[in-house]
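Coordinate inspection notes
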Protein chains: 2
Amino acid sequence: MWSLWPGRVINAGKSRHNEDQACCEVVYVEGRRSVTGAPREPSQSQGLCFYYWGLFDGHAGGGAAEMASRLLHRHIREQLKDLVEILQDPSPPPLCLPGTSGTPGCSDSTHLIGPQSCWSSQKEVTHESLVVGAIENAFQLMDEQMARERERRGHQVEGGCCALVVVYLLGKVYVANAGDSRVRCECNTLWPFALSGHSQPQGFLKPELLGGEFTHLEFPRRVQPKELGQRMLYRDQNMTGWAYKKIELEDLRFPLVCGEGKKARVMATIGVTRGLGDHNLKVCSSTLPIKPFLSCFPEVRVYDLTQYEHCPDDVLVLGTDGLWDVTNDCEVAATVDRVLSAYEPNDPSRYTALAQALVLGARGTPRDRGWRLPNNKLGSGDDISVFVIPLGGPGSYS
Amino acid sequence: MWSLWPGRVINAGKSRHNEDQACCEVVYVEGRRSVTGAPREPSQSQGLCFYYWGLFDGHAGGGAAEMASRLLHRHIREQLKDLVEILQDPSPPPLCLPGTSGTPGCSDSTHLIGPQSCWSSQKEVTHESLVVGAIENAFQLMDEQMARERERRGHQVEGGCCALVVVYLLGKVYVANAGDSRVRCECNTLWPFALSGHSQPQGFLKPELLGGEFTHLEFPRRVQPKELGQRMLYRDQNMTGWAYKKIELEDLRFPLVCGEGKKARVMATIGVTRGLGDHNLKVCSSTLPIKPFLSCFPEVRVYDLTQYEHCPDDVLVLGTDGLWDVTNDCEVAATVDRVLSAYEPNDPSRYTALAQALVLGARGTPRDRGWRLPNNKLGSGDDISVFVIPLGGPGSYS
């Protein structure tokens, strides 16, 4: 359990082995090289700063979450090093840069080659999309580093983790999500921002990796042998709706995805389709690897803070599924209102109090039969981590 | 050019070969069989009616569009025949039905088989998702029929088509879109409904079908041989942002998707990734087939008419890209206001007048240098088709 910014950590005390990890840093990025190759003037050598918050919800061991919390922001910094000058220059990013070996930069005059004239126009690439690309590549490099560490004896990275990361850079908030953690923006401005994290697994188009043990068709429940010849509801990889089909022998195979919502499992094993790590993961009682069906790429959304006015009550709430399993957007909004209004707008401790209230509200209190919420429902049995990030007014980071 | 419901057809007169087709029908669906297998009571044998509007924007010949306009609603009817009783029964759809050979119906008690308990819950399937599934399968069967006709000598189906279909059934509007036509709802209720149609092509995960001629990486423009060793902006299949990479030999291959917006082309050949037909389509100056990279499945959205109050000015505007290329949501909204307010609310000809105004507005008038819009920009050079569907009040279909 983490509350935070400017930095307070509290453990919920429900279990000894908390697999959640968190990280909150101000990261300075020094430019790696000049775009033009010319000697850099002092003004050009000015670096960039970004604010960083990361929540990492581990599974099957805490190794991946621990490693990601320690290193992911460094990968992001590395990716941004080439962009320091480009991001500070208001003109559009150059399409092409000189090679590292000192090849001269290319001109942007385009000679058309190929059967169509569709290349007469160049795509416009924004500064924003360069930062998104840097974050995406950082996630991939983090995942590859976990794979390398796995191969070193004694440095086995246990398990995998979901990662929810916020980067604030040059007036914009980038939210990158790989997994089932979620973020919610409590603003006057409308920003319905519930990243689902539950995307289709990669494997639907890789039937050759299913090893003849799984079917890519989805059924509302497991098909039983005695139902052969009957017609059951199903959907194919391209369908969002359902239809009936006659049950055949191969439909008795185990489904690639079974269950729904929190109980959904890919290949009967893992509950998320995005995340870092899990390089060792095999299908239960099988040698079939699951990693090829998972994606390490996050879904990234961008919020331009400069486009909106924000007051001290506008906050971003980041939470692992331990929070979101037992609460919802409306309840979180009510807690935000209740807690923040009890403090002076310029009291920075109000955000810490809010994070604590959200965590304690989701945990519940121990009673006769387990930890219970005020409505007597079971409290979250999962690790619970929350970041509260103020977007405007005193105590904000801008 | 079509205006329509209750049924008027006008050709824009710009070209002799209009590849747009349209269809507007009231379709009666008779139940195919009883769910229980028991003798059907008279009340159960009552069929269903749906209202149907379809716009088909052909390319590379008018055959596919013509065939789809003639047959797609029949495929939808066939798919709905098994659902007639189920859709009229308020209880949730049965997961399993008796087989056609008279196998007895299965019980819904689930015996868990397999390594995980994630099957203890059954998925909930709604009536709505059955209709969505029926429409999706109808699109696929339509596409398969085009493939079969292609193989018959003398019945070659030319080209392909985008398809935009609206089905009104049991109080709900289903909008199914495969291609780049669009629909816009002008309502008091907020329904921002701009179906994009431009999805990623299927082929990103099928590198073996790229024949070594294409790269799945995306660059902002075609890479030139002299740029080898330099660093250029690119993105990989999993990225939404951009990053720089060192240009290598295989990056000189032609890209799977090039260009952007209206000028985007899959394998340098076709401008849409969804649609019907195109079974003969090959990459320019190549024998590489493009069909495996296209999807015939529509994106389907559902609008529950019973949840909202509608007035006679609330309309659904369906248009092929000939309309949307030269106008936008705001201009369409202004035209809706202007034309409808010039008529009495209960005058059904106001919707025909609106469709005509939208088509004529996008076409422009012939002047010195081509067909021009009032703002002197070029009018649409494409075929233009528009349906205006009133959602409430006199003249509506409900």
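Quick look at the structure, then. Given the structure is predicted, the values throughout are model-derived calculations rather than measurements.

**Comments concerning the packing of helix α5 (residues 329–341) of chain B against helix α6 (residues 349–363) of chain B**
Residue and element names in this part refer to chain B.
- Between α5 and α6, the least distance of the axes is 9 Å, while the angle of their chain directions is 140 degrees. Viewed along their axes, α5 and α6 adopt a mutual orientation that is oblique. Both α5 and α6 take part in a crossing whose hand is right-handed. Residues V332, T335, V336, V339 and L340 of α5 pack against R350, Y351, A353, L354, A357 and L358 of α6.
- Tallied by class, the residues present in the contact of α5 with α6 amount to nine nonpolar, one polar and one charged.

**What about the pattern of salt bridges?**
- Applying the stated criterion across every chain yields a total of 22 salt bridges over all chains.
- The salt bridge involving K172(A) is made with E128(A); its shortest N-O contact spans 3.0 Å. Within this pair, whereas K172(A) is found in strand β7 (residues 172–178), its partner E128(A) is found in helix α3 (residues 127–151), the two being separated by 44 residues in sequence.
- Taking relative accessible area as the criterion, E128(A) reaches 28% and is therefore assigned partly exposed.
- Taking the shortest distance from any N to any O, the salt bridge between D143(B) and K291(B) comes out at 2.9 Å. Linking D143(B) in helix α3 (residues 127–151) with K291(B) in the loop between β15 (276–277) and β16 (299–304), this pair joins segments that are 148 residues apart in sequence. One exposure class covers both D143(B) and K291(B), and it is buried.
- Shared partners join several salt bridges into a network, and the residues in it are K245(A), E248(A) and D251(A).

**What about the environment of T215(B)?**
Residues and elements named next belong to chain B.
- With respect to the helices and strands, T215 occurs in strand β9 (residues 214–215).
- Placed 36 residues apart in sequence, T215 and D251 show a C-alpha to C-alpha distance of 6.5 Å.
- Side-chain polar atoms of T215 contact the backbone nitrogen of L217, separated by 3.0 Å.

What counts, and where the lines are drawn
- Residues numbered from 1 in each chain as written.
- Chains lettered and ligands numbered in written order.
- Predicted model: local features only at pLDDT ≥ 70, side-chain atom pairs only at ≥ 80, totals over all residues.
- Heavy atoms only, no water.
- Axes fitted to C-alpha atoms, helices over the stretch in contact; angles between N-to-C directions.
- Helix = DSSP H or I, 4+ residues; strand = E, 2+ residues; numbered from the N terminus.
- Parallel < 35°, antiparallel > 145°, perpendicular 65-115°, else oblique.
- Left-handed = near helix turned anticlockwise from the far one by under 90°.
- Contact = heavy atoms within 4.5 Å.
- Nonpolar A, V, L, I, M, F, W, Y, C, P; charged D, E, K, R; others polar.
- Salt bridge = Lys/Arg side-chain N within 4 Å of Asp/Glu carboxyl O.
- Buried < 20%, exposed > 50% of the residue type's maximum accessible area, 1.4 Å probe, protein only.
- Polar contact = N/O pair within 3.5 Å; in protein donor to acceptor, adjacent residues only side chain to side chain.

Function-wise, these values are silent; they only describe arrangement.
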